[in-house]
Amino acid sequence: MPETLDMQTLVVMAAALVLAGALIGVLAGLFGVGGGAISVPVFYEVFRLTSVPEGVAMPLAVGTSLAIIIPTSIVSARAHARRGTVDFALLRSWIFPVLVGVVAGSVIARFAPSELFQIVFVAVASINAVKMLVGGNWRLRDSLPGRAATALSGAVIGLLSALMGIGGGAISNLFLTLHGRSMREAVSTSAGVGVLIAIPGAIGYMAAGWGKPGLPFDAIGYVSVLTLLVTLPTTLLTTRFGAGLAHAIPKELLTRLFGLFLLLVSIRFVFALI
């Protein structure tokens, strides 16, 4: 961390990370996401404030986000599993395809420009937000597709999630609701998807960023250890609260809140690209 940062700036950044951690935890439980849609933009801004080069700040934010998603997804998935709404059969069928997608995304991350991560984030989140906010019966069919198509969808979810720095909840929610699953079932199963994505994703970003110039001193590849240590405690404290909230509020409200949240994050990244 550069010495030019004064104490007031450091305090503000630490407070932002603690607050972000709390929001990540709530979102992990509430929407079945790992909280990446909050952590990626927050981490990105913090890294820029600490003079991390522009070309490194975004992949570092993505990799660090994937690392923090590991514990939040595990806690969230367990909380939803206790309520019996996680589709474990689907998760088992997605283990290998998701892994293939995540590995591919991690390889791309080593060579891709930082704008690619932002473009993928905006495109996927915006489509999902429109679906959630407009409403209506957006369904392709009333059940999951065949085995091959379902496996391919798992690979795509893994690839896009690795590039976006999310646990896959936004994408798997879209896939599951388009194929006849209720929002509550989609949220619960998506929490499990986060576990499948975050572990290989974080490892992949560590490898992808290994030896890259411009990384902060605490980074292991594209994962910032200090950022994790500051953010993680409040994240874990609030994840169970979010999972309980997801089962307490009406599913229509849950859908609209998720859509609004994704839209706001998309708008933020559009401004970053301009």
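Nothing here was measured: the structure is a model prediction, and the numbers come from that model.

**Q** Account for the overall build of the chain, with residues named and values stated.
**A** A tally of regular secondary structure across the chain gives 10 helices and 2 strands. Secondary structure elements of the chain occur, N-terminal to C-terminal, as α-α-α-α-α-α-α-α-β-β-α-α. By the burial criterion, 54% of the 274 residues in the chain qualify as buried. Considering only intrachain contacts with a sequence separation of at least 6, the fraction spanning at least 24 residues in the chain is 80%. Looking at the chain as shown, the accessible area adds up to about 11,600 Å², and 71% of this sits on carbon and sulfur atoms.

**Q** Which residues make up the packing of aromatic side chains, and what values go with them?
**A** For any pair of aromatic rings, the description consists of the separation of the ring centres together with the inter-plane angle of the planes. For the structure shown, the criterion picks out 3 aromatic pairs. Taken together, a centroid distance of 6.3 Å and an interplanar angle of 40 degrees make the contact between Phe43 and Phe47 tilted. Here Phe47 and Phe43 lie together in helix α2 (residues 36–49), a separation of 4 residues that amounts to about one turn. Taking relative accessible area as the criterion, Phe47 reaches 3% and is therefore assigned buried. Centroid distance Trp94 to Phe175: 5.6 Å. Interplanar angle 50 degrees. Geometry classified as tilted. You can see Trp94 sitting in helix α4 (residues 88–111) and its partner Phe175 sitting in helix α7 (residues 169–178), a full 81 residues away along the chain. The exposure class assigned to Phe175 is buried, which follows from its relative accessible area of 12%.

**Q** Account for the environment of Val52, with residues named and values stated.
**A** As for its position among the elements, Val52 is in the loop between α2 and α3 (54–81). When the C-alpha atoms of Val52 and Pro213 are compared, they prove to be 10.0 Å apart, with 161 residues separating the residues in sequence. Each residue touching Val52, except ones within four places of it in the same chain, is listed here: Phe47, Ala57, Leu60, Gly214 and Pro216.

What counts, and at which threshold
Residues numbered from 1 in each chain as written. Predicted model: local features only at pLDDT ≥ 70, side-chain atom pairs only at ≥ 80, totals over all residues. Heavy atoms only, no water. Helix = DSSP H or I, 4+ residues; strand = E, 2+ residues; numbered from the N terminus. Buried < 20%, exposed > 50% of the residue type's maximum accessible area, 1.4 Å probe, protein only. Contact = heavy atoms within 4.5 Å. Areas by Shrake-Rupley, 256 points an atom, 1.4 Å probe, with all protein chains shown as cover. Phe/Tyr/Trp six-rings, centres within 6.5 Å; stacked < 30°, edge-to-face > 60°.

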